Amino acid sequence: MSIIYRKVARDLLLNKTRTLLVVLSTAVGILALGLVISLSDLMGERLASVWEASRPAHVAIGLAGRVDDDTSQMLLTTPGVAEVEPVFRLFVRWKRAGDAEWRNGTLTARRDYARLQTDLATLKAGTWPRDNAITVEYQTMQALDLPVGSRIQIKTDRYEREMPIVGAAHDLGAGPPQFGSYPRFFVTLRTAHALDDAEGYNRLNVRLAQFNRAEAEAVAKRLEARLKKMDVTAYPQVQDPKRHPMQETLDTVLLIMGVIGVLSLALSAFLVVNTVSAVLAQQVSQIGMMKAVGATAGRVMRVYLGMVLIYGAVAVVVAVPLAALAAHVLADKLLGYLSLALPSFRIVPRAMLAQLVVGLLAPVLAALWPVLSSVRITVREAIASYGLGADFGRGWLDRFVTGVRGLPRPLALSLRNTFRRKGRVVLTQLTLITAGVLFMTVMSSDNTLNHTMRQLFATSGYDVEVDFNGPQYFDRAEAIARTVPGVVSSELWEAYGCVIHISGERKREALALGVPPDSIMMRPTIIAGRWLRPGDENVIVINQKIAQDDGLKVGDRVNLNFYDKGDSTWQIVGVQLGMGYSNYTMYIPRDVLGRTIRLPDRGHWIFVKTDQHDPAYQVMMEKRLVAAFETNSMSVVWSDNASAQFQRMMNQFNILTYLLLVMAVLAGLVGSLGLMGTMSINVLERSKEIGVMRAIGALSPAVIGIFVVEGVILGLLSAAAAIPISYPVSRLFTDALGKQLFKFPLDFRYSLGGLALWIVIVVALSALASLWPATRAARMSVRETLAYE
């Protein structure tokens, strides 16, 4: 082994603590990068492959009316159409046999389960449905504990029937019930038609010979026109067969994680710079001796860059398998929500290559500046060096620190030592400030997301909602609701589908909600214009997503086509903040909508406010209201309560919250390791000072206290700097998050709890980071500390 490699090995092995901290912090940054890339590839590939293999419809068409097999076959002659498969879907109420509580669900009936053409479902247990028997969707079975062999009751507005569950099938297009999707059941056509007392299909799945979005949209228009001639209103929707519906959300989450991962890697680079700077400062005399015996600047650089390269190589060896394992576990967990699993464990080549390149190059590039600066030193300057901090007292900051009076001597010494190595202080502060800003940004994003969800939910002032099978008169439905003990008020709304004609050929399908202008069930957040007023006629308030997607604003006039009810012109008077099902809704005065669709004084959808608002009470009131309506011959299609809706809504965003918290922990971990590395270096390089202080009578606790206070000062300074920076950064980040996920900026709420937590973390870790090496140094004999190099 050459002398150069011996020196590198000696520096690494004699300072095991320093080596370990640098390797760990670098490994965390590399791990974060590999985790994001691996998650993207593992989940993206799995979702895309399974989704495409299920043969999803290129054009999914909902029908306001029924078609038969002959009609679906005739539509095959439409130019561009390769396959047409009819489907029947029905909203129902269901419950386990013997239970008292009815729940919402959907029945799907297919022509031949043994020869499905589109939206393929995979049988997981038992058999496909037979007449008067049900096959449950697999995610529904798992989430609601509906095993094969159990029995459930199904109720429509006409019939109620108890049926056995004979199988379970996985339908990738069915969302998890815990995220707000309706439980799904499969039945035969004969069973579905018997329950609905009608024949035919109300949905068409269409596929092209080869998917092309422009061609698919053209085909959708042709089919819509042909069906209209048959007096069947169609609601077509184009779907990309290679892009799972969750892919957009996944891409957004991974983008966020990627940004945080890159910042974590940057924090690791700061620590490398700090460590190499400290090593070079300690070894100035060694550099001088090497150059005195003939070593060139290039050879000296090889020594220290070689040491850094070893840091990176060891970090890569640690990070690559850990990132692969973490990505596999996390991807498997997230895919589990869709009842999917990763086929087997594997390391993603793209992630491994990125980790290898970044892990080896980033530390070397980070170390170039301090190494280049140090190797330029002359032999005379190196040998004449008086040591660390010999130039203290020359700058204005030094004079300010030494001018502080009235402090206890140990505290004054800690304050002076804190700013002795200004370059290292700056790097340490950059590391800690960045980590603090990142940590508080993530915590504020989580706080903002939760607050926005609660605020949007609070715009609805109801506790229970009930949907009727047919239109009911306002006065009668609201009067029946008020007869139920505990009801404070009620409002019957109407909902009707429409198409917004914007300009030229541009259209937007939307849902028009007819609400009382003075509604107490709807307290919207208006972001432009105003809300509805009594006396308004043809005016609408649109959702912000429609406004942004289609460039609409307050004052614009649009044409609304209510299908068989005709066209009319409306003026936009307001833009409302909303999400979820309300992303494509607009609000119209209830009486005006009733006249427009020729259903005056009637509606399908009643909202009820109760005198108590806890979840258990809402469930009880939901049951009472459904019973009251059905007693009065008002057929209920489905019902729900506010607490259950809110919980389902929050479930959808818990995954994002958990991932953000994982990245916050990584950010905090890198910052903490950086601080520990800095404080360890500070203590170790001043071992001689510790020896001198002990030689003149200083006790070990007093010596240790000086370094602990120094660490706490560094931590508090970084927190003080991070707080004002974190506020605008957090706001920008959450605005970008909101626009990417929801098409509107979130209602920002800075996390004071995250701020307090970071201060506690920084103070605790800075104290611990100083305590451990200072204690070790204090235990050394005076002779050993004075001989330390």
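Keep in mind it's a predicted model, so treat the numbers as computed, not measured.

(A) A look at the overall build of the chain. Tallying secondary structure elements over the chain gives 23 helices and 20 strands in all. Long-range contacts, defined here as pairs at least 24 residues apart, represent 81% of the contacts in the chain between residues at least 6 apart. Here the chain has roughly 33,800 Å² of accessible surface; of this, 59% comes from carbon and sulfur atoms.

(B) Structural context of helix α6 (residues 213–229). Here α6 contains 17 residues, and its C-alpha end-to-end distance of 25 Å stays within 8% of the 24 Å for a straight helix at 1.5 Å per residue. Along its buried surface, α6 packs onto β1 (59–67), β2 (81–96), β9 (201–208) and β10 (233–238). N-capping of α6 is provided by Asn212, with a side-chain oxygen placed 3.1 Å from the backbone N of Ala214. After α6 finishes, the residue Asp231 shows a positive phi value of roughly 65 degrees.

(C) Looking closely at the side chain of Ser519. Residue position: Ser519 is located in the loop between β13 (507–515) and β14 (525–529). At 3.1 Å, the side chain of Ser519 forms a polar contact with the backbone nitrogen of Met522. Apart from the residues lying within four places of it in its own chain, the contact partners of Ser519 are Glu491 and Trp493.

(D) Spatial organisation of the nonpolar core. Core analysis: the largest hydrophobic core is formed by 70 residues, its most contacted members being Met257, Tyr304 and Val371. Elements supplying a minimum of two residues to this core: α2 (16–53), α7 (247–282), α8 (284–292), α9 (297–336), α10 (349–375), α14 (422–458), α19 (642–684) and α21 (700–741). It is α9 that contributes the most residues to this core, 17 residues altogether. Residues contacting Val371, with those up to four places away along its chain left out, are Val276, Leu280, Met301, Tyr304 and Leu305. Within the second largest apolar cluster, 41 residues are counted, among which are Val59, Phe185, Leu208 and Ala220.

(E) View of the side chain of Thr106. Among the secondary structure elements, Thr106 is positioned in strand β3 (residues 103–110). Judged by relative accessible area, Thr106 falls into the buried class, the value being 6%. Non-local contacts of Thr106, meaning those with residues more than four positions away in its chain, are made with Arg89, Leu90, Phe91, Val92, Tyr182, Pro183, Arg184 and Phe185.

(F) Highlighting helix α15 (residues 474–482). Of the residues making up α15, those classed as buried are Phe474, Ala477, Glu478, Ile480 and Ala481. Projected down its long axis, α15 carries its buried residues within an arc of 160 degrees, all on one side. Along its buried surface, α15 packs onto β11 (464–473), β12 (487–501), α17 (590–596), β19 (602–610) and α18 (615–631).

(G) Looking closely at the packing of α9 against α10. Across the interface, α9 lies against α10 with an axial gap of 8 Å and an inter-helix angle of 150 degrees. When the axis of α9 is compared with that of α10, the two are roughly antiparallel. Here α9 runs over α10; the crossing is right-handed. Of the residues belonging to the contact of α9 with α10, the class tally is 22 nonpolar, three polar and no charged.

(H) Molecular detail of the packing of α15 against α18. Taken N-terminus to C-terminus, the directions of α15 and α18 make an angle of 130 degrees; their axes are 9 Å apart at the nearest point. Comparing their axes, α18 and α15 come out oblique. The chirality of how α15 crosses α18 is right-handed. The residues of α18 that touch α15, namely those facing Ala477, Ile480 and Ala481, are Leu625, Ala628 and Phe629.

(I) Region of the structure containing empty space enclosed by the protein. Applying the stated criterion across every chain yields a total of four cavities of 30 Å³ or more. Within this model, the second largest cavity holds a volume of roughly 40 Å³. Considering the residues around the second largest cavity, the lining is formed by Thr26, Leu265, Ser268, Ala269, Val272, Ala362 and Pro363. The set of elements that each furnish at least two residues to the lining of the second largest cavity consists of α7 and α10. When residues in the lining of the second largest cavity are grouped by element, the largest group, four residues, is from α7.

(J) Main features of the packing of aromatic side chains. Tallied over the entire structure, the rule returns 17 aromatic pairs. Ring geometry for Trp493 versus Trp605: centroids 6.3 Å apart, planes at 75 degrees, classification edge-to-face. One end of the pair, Trp493, is in strand β12; the other, Trp605, is in strand β19, and 112 residues separate them in sequence. Overall, the relative accessible area of 11% leaves Trp605 in the buried class. An aromatic cluster is defined as three or more aromatic residues linked by ring pairs; in this entry it consists of Tyr462, Trp493, Trp605 and Phe607. Sitting above the plane of the Tyr138 ring, Lys124 keeps its charged end 5.1 Å from the centroid.

Quick notes on the rules
- Residues numbered from 1 in each chain as written.
- Predicted model: local features only at pLDDT ≥ 70, side-chain atom pairs only at ≥ 80, totals over all residues.
- Heavy atoms only, no water.
- Helix = DSSP H or I, 4+ residues; strand = E, 2+ residues; numbered from the N terminus.
- Contact = heavy atoms within 4.5 Å.
- Areas by Shrake-Rupley, 256 points an atom, 1.4 Å probe, with all protein chains shown as cover.
- Expected span 1.5 Å × (residues − 1).
- Polar contact = N/O pair within 3.5 Å; in protein donor to acceptor, adjacent residues only side chain to side chain.
- Core = buried A, V, L, I, M, F, W, Y, C linked by side-chain atoms within 4.5 Å.
- Buried < 20%, exposed > 50% of the residue type's maximum accessible area, 1.4 Å probe, protein only.
- Arc of directions from axis to C-beta.
- Axes fitted to C-alpha atoms, helices over the stretch in contact; angles between N-to-C directions.
- Parallel < 35°, antiparallel > 145°, perpendicular 65-115°, else oblique.
- Left-handed = near helix turned anticlockwise from the far one by under 90°.
- Nonpolar A, V, L, I, M, F, W, Y, C, P; charged D, E, K, R; others polar.
- 1 Å grid on protein atoms, 1.4 Å probe; cavity = no way out; pocket = protein on both sides within 12 Å on 5 of 7 lines; lining within 4 Å.
- Points joined across faces, edges and corners; volume = space filled by probe spheres on them.
- Phe/Tyr/Trp six-rings, centres within 6.5 Å; stacked < 30°, edge-to-face > 60°.
- Lys NZ or Arg CZ within 6 Å of the ring centre and 35° of its normal.

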